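Breakdown of the fold
Here are the chains, one letter per residue:
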Amino acid sequence: PRGPPPPIEPAADAKQRVYELVGSVLAEHSRALATRDEEGRSLMLILRHGLGRPAETAGYVSCVSVLRAALERGSTSTSAMAVASNGPGLPRWLSSCALELLPNLVGVRLDSTAAAVHGAVSECIYAACVVLSPAATPPPISVVGFAARLLHDCVAREGVLPPAQLDALCTAFIAADPCELPSFSLSLDCFVKDVLVLWKMSHRGLN
């Protein structure tokens, strides 16, 4: 007997509309969702689907923009949202999902074939570092320190650089003190370029 037919993948523009709808729900019902862990995680699961497809540029940028907006909105919210926060007004479901998604974003930022989404990704990484750093452990940790630790852990996990080289790049990133978005984006560009150059040099030496 034949098995069930394969699932039909929605068209890219249809998926983008869904991601934008998720953004609208997060924006319009932020207070209600502050303490609704299951519903919040369900919405983030939809974004996670889109964030796994950087080749679908428009949909991916929509997901990144929705995540960034949710983080920025959550960090400035008070009252009901602060009740279930891990940071300044950030719901637990949002902070935990953002932490889970950050390595994915860094991986895309390191992918030279995904250049079309790099600007949006850099902005989202910065927003996440600003919002999540106050609740990082062990505290205290600055935005730049949080970002450097994130970059170090993600690159180390890939094993593309010797530890000494990676440590030097992270030290240079911290020394630049890119605490505002424009300088953060430039420093992240330099970090990524240096990682890729050193990796290519190492790979060429092995061959």
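Residues numbered from 1 in each chain as written. Predicted model: local features only at pLDDT ≥ 70, side-chain atom pairs only at ≥ 80, totals over all residues. Heavy atoms only, no water.

1. Some remarks on helix H8 (residues 143-158)
Residues spaced three or four apart along an α-helix point in a common direction, a consequence of the helix completing one turn every 3.6 residues. Over its 16 residues, H8 runs 23 Å from end to end, which matches the ideal 22 Å to within 8%, given 1.5 Å per residue. Count one or two residues on from H8 and you reach Gly-159, which has phi positive near 65°. (Helix = DSSP H or I, 4+ residues; strand = E, 2+ residues; numbered from the N terminus. Expected span 1.5 Å × (residues − 1).)

2. Some details on the environment of Leu-169
Residue placement: Leu-169 occurs in helix H9 (residues 163-176). Taking the C-alpha atoms as reference points, Leu-169 and Val-192, separated by 23 residues in sequence, lie 9.5 Å from one another. What Leu-169 contacts, discounting residues up to four positions off in sequence, is Leu-161, Phe-191, Asp-194, Val-195 and Leu-198. (Contact = heavy atoms within 4.5 Å.)

3. Considering the packing of aromatic side chains
Within the structure shown, the criterion is met by three aromatic pairs. Ring centres of Phe-173 and Phe-191 lie 6.4 Å apart, and the angle between their planes is 75°; on these two criteria the pair is classed as edge-to-face. A residue pair is termed long-range when its members are at least 10 positions apart, and Phe-173 in helix H9 and Phe-191 in helix H10 (residues 181-206) qualify at 18 residues. Neither residue differs from the other here; Phe-173 and Phe-191 are each classed as buried. Aromatic rings pair up to connect Tyr-126, Phe-173, Phe-184 and Phe-191 into one cluster. (Phe/Tyr/Trp six-rings, centres within 6.5 Å; stacked < 30°, edge-to-face > 60°. Buried < 20%, exposed > 50% of the residue type's maximum accessible area, 1.4 Å probe, protein only.)

4. Let's talk about the side chain of Ser-133
The topology assignment puts Ser-133 in the loop between helix H7 (118-132) and H8. Beyond its immediate stretch of four places on either side in the chain, Ser-133 contacts Ala-128, Ile-141, Ser-142, Val-143 and Phe-146.

5. Things to note about helix H1 (residues 12-28)
Here H1 contains 17 residues, and its C-alpha end-to-end distance of 24 Å stays within 8% of the 24 Å for a straight helix at 1.5 Å per residue. Along H1, the positions that sit buried rather than exposed are Lys-15, Tyr-19, Val-22, Gly-23 and Leu-26. Angularly, the buried residues of H1 cover 100° about the axis, an arc narrow enough to put them on a single face. Facing away from the buried side of H1 by over 90 degrees, the exposed positions are Arg-17, Leu-21 and Glu-28. (Arc of directions from axis to C-beta.)

6. Some thoughts on the packing of H7 against H8
At their nearest, the axes of H7 and H8 sit 8 Å apart, and the two run at 120° to each other. One way to sum up the angle between H7 and H8 is to call them oblique. As for how H7 packs across H8, the hand of that crossing is right-handed. Residues Ile-125, Cys-129, Val-130 and Leu-132 of H7 form the contact with H8, whose own contacting residues are Val-143, Phe-146, Ala-147 and Leu-150. Here the residues of the contact of H7 with H8 are counted per class, giving eight nonpolar, no polar and no charged. (Axes fitted to C-alpha atoms, helices over the stretch in contact; angles between N-to-C directions. Parallel < 35°, antiparallel > 145°, perpendicular 65-115°, else oblique. Left-handed = near helix turned anticlockwise from the far one by under 90°. Nonpolar A, V, L, I, M, F, W, Y, C, P; charged D, E, K, R; others polar.)

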